[in-house]
Each structure stands twice: as structure tokens, then as C-alpha cells.
Amino acid sequence: MADLSLLAIYRSAVLLLGILYMSQPGHTQKHGIDTSICDTKLITDSPTPKRPQLPSKYTVSIEANIENHNYTTDYVEYYDGTRNMGATHQWFLGFHVYSIYSPGTDELFTVETQTKTCTTDNLATAGPKYIFGYQPSTANPKVGKLFTAAGALRFGNGTKEQYMGTRSIRGITADYWKSCMYWPSMDATMEVHWYFTNTAAWDPATGRNLPSPLRCQVHGKVWSGNPHTFNHTYEFNRFSTTWANHHPFETPRGIACPHRKDTKPLPTPSNYFVFTAETLNLDFSTIGFIKEWYAKDMNLVRYDYKPDPANISPYGYNMLSEIHDFSEGIAYIRDATTGNCSLTTISARGIDAKSVDPTHVRIRTSQEFFNLDKASYQYEGTRHVRGMDADVWVATRTDWPPGSVGQNSTWEWYFARQGWRESTGHTYVFGMPLMLSVTSNNYGSIVYNTYNFDEEKPEPWDFDISRCYNYTNRQDFAFKIPGSYQTMVASNLQGFKYNVLIAVHKAATVSTLRITNIKIDYDDSNILVFLTLLGTPRIQGDVNNPVTQVSLSTAATLLTNAINSNQLRISAGTGQTMTTLTAQPYSLTQSSHTVEKGYYVPPKTATTYSAGAVAGLGVAMAVVFFIFGFACMYIYYRRNGGAFTKNDGKGFEPKQFDNDYENSAVKSGDE
């Protein structure tokens, strides 16, 4: 079926002058002008009236009646001489085909909407180039430009045209022009009759005294290949110089054109970012929200989301915050409302994890995080999304959803154009991502909208896990730093807190995640620092070479020794006023942490979740998680009735989540 529609385009190689067959090999002797059709010597080039002045941009609907073959095809033609672009939308025998002409890159994109396929051809050698005309560039023969508007309509472009007076076309008073043309490339002679609105007698729909083309009749003979005569009539209507809310030079959404030229490289993502997003599953009419933090050099990822109440969630239905520490391979999943917290290993199915072997994971690179590593994206052009101008990159993948074979899916990334990015007041390394759209015939469509994208490095306290540690596994500390708070700290309080964290991290040799609740105060002569150190987690992570953590008591000893030996030094101030402060020896004090309402109370026994609960967890995650490889599993399993469980040949068994820390957290002391 697609071949028939493409054949229709190539059979209609010339939209306006309608030569149906291109020259064929073997015909070298040209017939020349066929005077039985018309004689160019008998055409008088009329100096008056003035020929219609055609605009540099137009759209027009055309009914092409190919009388010698007894068929009709309809077009909408778009021409923009300023942008050097052209397009036709054609209907033929029930098919709808887009042809997009890009002479600046010497490309013709032909889109079959029914099969959602696109082919890319060289415009310079493609038959349909005659629709708008094609002029190779003298500076660069690999690219070219379209004819002028007059040339595209084959009128007023140097051919002798004789004014024949007025006629009535469809009841409209029209100026009638006749010409005789010979095309050596096709060895074709044709008599052409053009009709434009007579603006003195009739008000054209375009207004502004701009004539509209009404009809073009062409009859002639082609001697190239198999000699044949032809007779065509083209009816023009809805001629306009504008088209509102429509972008005819863009390939349709959800369709990629293989082998198109990569005219603009895809942006490279930075190693830190924070953004809020919504995930739309168009087939299931679901919507999910998520906020994400990514810090590659810190080996940390966080995302906050609310589980779908339609599915079983082992962690409840309040807002959940997940922090993944890839230095140790541990996931902290906290209920923001109750404060309850669970520790588990990091799942390889997560939005941020990559499996390195059956039992270990690693953090995804920023390229992998944004799914830019699985396919070759090509620049498609500009589109509008959420009212903004966006650069669009398109790719086709055959590996989505996971486990599928040979199933094509189209991935489209939208990034705000430069002018829109500047209005945000930010300078972006990656660009400002707006939307990712994934379309698959067999598994549906997902749209992922991003908001509030920020490439600033997340702060360490954005990854606060303190509520995942009860009072038996944490210790509060305070120490003094001689100096003036107002002079040395007040101008850059956040920077000073960060420098405190780094200094304590080095002195106590603990992960920055274990240093929390940093507060700064002052008295008459000192800067007062308060902070909490957390103990070691009591579960084993699932990364290779996890960072070795010292115990809470060892960390306290190391911090005490650093302070007492004048080794705890902290930078303060800003810019040229930076100075180094030293903690006062023997000023460190410790206190036991008091139990606060909302801290996690662990269960007395391990919990085993049913297969349905685990499947529900996968479904809930899929609605809100960023990684579309994971989101596709949601669609796949819902359509196929499965669950995220293990099949050992005897049937499906539920997966059990490790809960060692929760069971042991009631023990006191530090191990």
C-alpha cells in the first residue's frame, strides 16, 4: 500500500505542468519543439497588463485532474522563499503523503502517514524536485535553492506569456494568459493556459489587491522514453500568504526519517541537574509527577514522587523520597509525611541505575539518564511545544520496550531554542530540555514534560538521609571557631556550611551523606557549629568496591583529634575576602540525640511482599519514573498480565525485599 502512494507522488512528478514520466535511458535523439502542440514563435510576450505579482510565501489547495489517465489527486502546497523550503500534502487513492523539500540540505522527505514511515532522498536527483523547481548552488553543488514563487508556479519566470483577455472561471472574472513551453530535459512541448483573478473586477480572497491563481490547463506531448500525450487541469483554491498554527515543513510527530543529514549535534548533558517533570501515558490516560536531582561526581541521585493509588505500593501512598547512594549501593526510601524509612539495595530497573553484572549496579551516566546512548539522534528542525520554539531531535529504536524484538519506536527530544533559554536567566551546558516523546505502534505513547530545569550542582543537604537513622545510630556534635560571624560568615552562610561539611568529611573520613543537620550560630567572640553524624548502614549495598565506612565511634574520635590538634580548618568569606578559620581545640562536645516524633520505628519481622504487591510497585514506579525503558515495562506487563517476579520453570514466585537494617535497627550502639 505504501508503495502505491509513493508511486502516486512519482507519477505526479510535476505538480503544475504534470509530466507523468521522467526521461528513460536509451533515448538520445531529441524530437525538439512539437509544433503540432504549439509554436513558441506564435506567442507574443504581452507587456500589458502587468503580470500578477506573486508573493514570496504562499499556500494553495490544488485539485489535479490527470485527464489522460482518468484520475484526480489533491494537494496542499506550501512555499516559503525566504526560508528556502517547500512542502506538499497529497491525497491520492485514499492515501495521505507529505513531501518536504529542503534544498539547503539537498533532501526530500516523503512521509506515508498511514504506515508512519519516512524516506529520505537527494532532492537534486529526485523526480518530485520539479514541483517547486531546484537550482543547484554555484558555490556548493551539494545544496541548492527552490525557484522563486513565480518559478514554483511556472508563471512569470521568463517564459513568453500572451495576455488573452478575461474569462469566467468558476463564475469568477479572471485574467487569461497563454504560453508555449519546451523542456529539453524531457523533450516535451506543452501549451499552458493560466487564469488569475482580475482584481479590477473581482475582489480576491487574499485581499490587498493580490491576484489569486484559479486554474492552469496544460496539454502537450512527451517524446522522451515512450512518447505520449497528456492533458491536465489544475484547479486552485484557498490561495493565501499565511497559514496559522501550522508548520508544514516539519515531519509529523512520532515519525523519524532514516538517513537524514545530521545538521545540528544533540546537546551533551551536564553531570548535575535538578528538574520537575510529569509523565503522561497516553494509552492508559495516566499522569505522574516527579522531581529529580542528579549529581554524577557525588554518586547520588534523588527523586520525589507520589505512588499511583490505583496500584499496590509497599511504601505507602504519601509523597516518597528516594535517595540512591551509589558509593555504597544503598537506596533510602522515605515517606515524607510519616518519616518512615526503608533501606534496600538499588534496583537495576531504576531510573538511574545500570546493571554491571547479575548482582551489582552503577550510576547511569548523564547520557544514559536521558536515553541518548541507545540510538543516533538526528536534528529534525523546529517545532512548538507548550507555546515555545524548540529544536527537535528524532531517533528510531528497536529495543523498546525491553525484551521486544524488531519493534520500532520513535524518540523525540525537544529543547528550548536559544532565545527562550536566554529569557530564563540561566546559561545551560546541556540546553533546556522541554519534552521527550516516545511513540510505539505496539506499546503506546508516553510523553515526558520537564519543568524548572536547573544545571546548578545540587547541594549535599538535598540528599538528607538523617530520618532513616534512629536515635541509637546517630550523634550530635558542637564546636567553636574563634572569629566574627558577621564579618566572616554572614555574607556567604551556605558556602560556609558547605565548607564545614567538607572539612568534617575529611577529618572524620565519613561520607558526606552521614554529615547532616549543619547549623551555624554565634556568640560574642565565636562562631558556633552544630551538626549530626550518622552511623553506618546495616545492609550491604550492591555496587562494586563500595566505600569503606568507619563506625560512628571511630568518626567521633577522628573528629575530636582533628579539632584538638588544630587540624580542622574551614574556609570562610567570599571572593577576595576568603580566609581560613581553625576550630578551637577541646571545644567539641557530644550529646545523645533525643527521640523525635516521626522517626522510623522498624517492624519486628521481615516483610515479604506478594507477587501482586511487587507488580504493583513496578506499575506505580512506571507511571512516574523518568527512564522510559522502565516505563515501557509498565505497559508491557499490563498488556501481558505479568508481574515483576521470577519464573524458575515451576511458575512465578514473589520477590522478597531485603530488610536487614529495619530488623536490626532496634539494637543499640554502633557496630
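Because the structure is a prediction, the values reported are computed rather than measured. The written sequence of each chain sets the order in which its residues are numbered from 1. In view of the model being predicted, local features appear only for residues whose pLDDT reaches at least 70, and side-chain atom pairs are presented and counted only at 80 or more, with totals across whole chains, interfaces and linings using the full set of residues. Side-chain numbers come from the whole structure's heavy atoms, not from hydrogens or water.

K.L.:
I'd love a proper account of the packing of aromatic side chains, names of residues and values included.
P.N.:
Aromatic rings from Phe, Tyr and Trp, with only the six-membered ring used for Trp, were paired whenever their centres fell within 6.5 Å, and each pair was classed as stacked if the ring planes differed by under 30 degrees, edge-to-face if by over 60, and tilted otherwise. Within the structure shown, the criterion is met by 28 aromatic pairs. Both rings, one in Tyr-294 and one in Phe-369, keep their centres 5.1 Å apart while their planes meet at 55°; by these two values the pair is tilted. On the criterion of sequence distance, the pair formed by Tyr-294 in strand β15 (residues 286–295) and Phe-369 in helix α3 (residues 366–369) is long-range, its members being 75 residues apart. Here Tyr-294 matches Phe-369 in class, with each residue buried. The ring of Phe-109 is capped by Arg-260, whose NZ or CZ atom sits 4.2 Å from the centre of that ring. Under the DSSP-based scheme used, a helix requires at least four consecutive residues in state H or I and a strand at least two consecutive residues in state E, with every element numbered from the N terminus. We call a residue buried when its accessible area falls under 20% of the maximum for its residue type, exposed when it is over 50%, and partly exposed in between, using a 1.4 Å probe and counting protein chains only. Sitting over a ring, as applied to charges here, requires NZ of Lys or CZ of Arg to be within 6 Å of the ring centre and within 35 degrees of the ring normal.

K.L.:
Mind laying out the pairing of strand β25 (residues 433–440), listing which residues take part and the relevant values?
P.N.:
Where burial is concerned, most of β25 is hidden: eight out of the eight residues are buried. Following DSSP output, two strands are said to pair if at least two bridges run between them. Looking at chain direction, β25 and strand β26 (residues 444–454) are connected through six bridges and run antiparallel. Counterpart to Met-435 in the pairing with β26 is Asn-449. Hairpin connection from β25 to β26: three residues lie between these consecutive antiparallel strands.

K.L.:
Explain helix α6 (residues 493–508) residue by residue, including any values.
P.N.:
End to end, α6 covers 22 Å across 16 residues, agreeing with the expected 22 Å (1.5 Å per residue, within 8%). Among the residues of α6, Gly-495, Phe-496, Lys-497, Val-500, Leu-501, Ala-503, Val-504, Ala-507 and Ala-508 are the ones counted as buried. Contacts: residue pairs with any heavy atoms within 4.5 Å of one another. Elements that come into contact with the buried residues of α6 comprise β27 (474–482), β28 (515–522), β29 (526–534), α7 (552–564), β30 (569–572) and β31 (579–582). By definition here, a helix of n residues has an expected span of 1.5 Å times n minus one.

K.L.:
Before we move on, can you summarise the state of the cysteines with the specific residues and values?
P.N.:
Pairs of cysteine sulfur atoms within 2.5 Å are identified as disulfides in what follows. Counting across every chain of the model gives three disulfides. Across the disulfide from Cys-38 sits Cys-180; the S-S distance is 2.0 Å. Handedness here is read from the sign of the S-S torsion; for Cys-38 and Cys-180, about 75°, the answer is right-handed. With a gap of 142 residues between them, Cys-38 in the loop between α1 (2–11) and β1 (57–66) and Cys-180 in strand β10 (residues 172–183) connect regions that are remote in the sequence. Comparing Cys-38 with Cys-180, the two get one shared label, buried. With its sulfur 1.8 Å from that of its partner, Cys-341 forms a disulfide with Cys-468. Between Cys-341 and Cys-468 the sulfur-sulfur dihedral comes to about 75°; the bridge is accordingly right-handed. Separated by 127 residues along the polypeptide, Cys-341 in strand β19 (residues 341–345) and Cys-468 in the loop between β26 and β27 bring together distant segments of the chain. Residues Cys-341 and Cys-468 agree in their burial class; the two are buried.

K.L.:
Residues and numbers for the pattern of salt bridges, please.
P.N.:
Between side chains of opposite charge, pairing is possible as soon as their charged atoms come close. Any Lys or Arg side-chain nitrogen found within 4 Å of a carboxyl oxygen on Asp or Glu counts as a salt bridge. Enumeration over the complete set of coordinates arrives at 13 salt bridges. Between Arg-362 and Glu-368 there is a salt bridge, with the nearest N and O atoms lying 2.9 Å from each other. Here Glu-380 makes a salt bridge to Arg-383, at a shortest N to O gap of 3.6 Å. Arg-383 shares its class with Glu-380; the two are buried. Overlapping salt bridges, with partners in common, bring together Glu-250, Glu-380, Arg-383 and Glu-412 in one network.

K.L.:
Quick one: what's the story with the packing of α6 against α7, residue by residue and with numbers?
P.N.:
Running from N to C, α6 and α7 point in directions that differ by 110°, and their axes come no closer than 8 Å. Classed by the angle they form, the pair α6 and α7 counts as roughly perpendicular. The element α6 and its partner α7 pack so that their crossing is right-handed. Residues Val-504, Ala-507 and Ala-508 of α6 form the contact with α7, whose own contacting residues are Ala-555, Leu-558, Leu-559 and Ala-562. Lys, Arg, Asp and Glu make up the charged group, whereas Ala, Val, Leu, Ile, Met, Phe, Trp, Tyr, Cys and Pro make up the nonpolar group; the residues left over, Gly among them, are polar. Split into classes, the residues belonging to the contact of α6 with α7 amount to seven nonpolar, no polar and no charged. Angles here are taken between N-to-C directions and fall from 0 to 180 degrees, while the axes themselves are lines fitted to C-alpha atoms, restricted in helices to the stretch in contact. Any angle between 65 and 115 degrees counts as roughly perpendicular, while under 35 counts as roughly parallel, over 145 as roughly antiparallel, and the rest as oblique. Less than a right angle of anticlockwise turn of the near helix away from the far helix marks a crossing as left-handed, whereas a clockwise turn marks it as right-handed.

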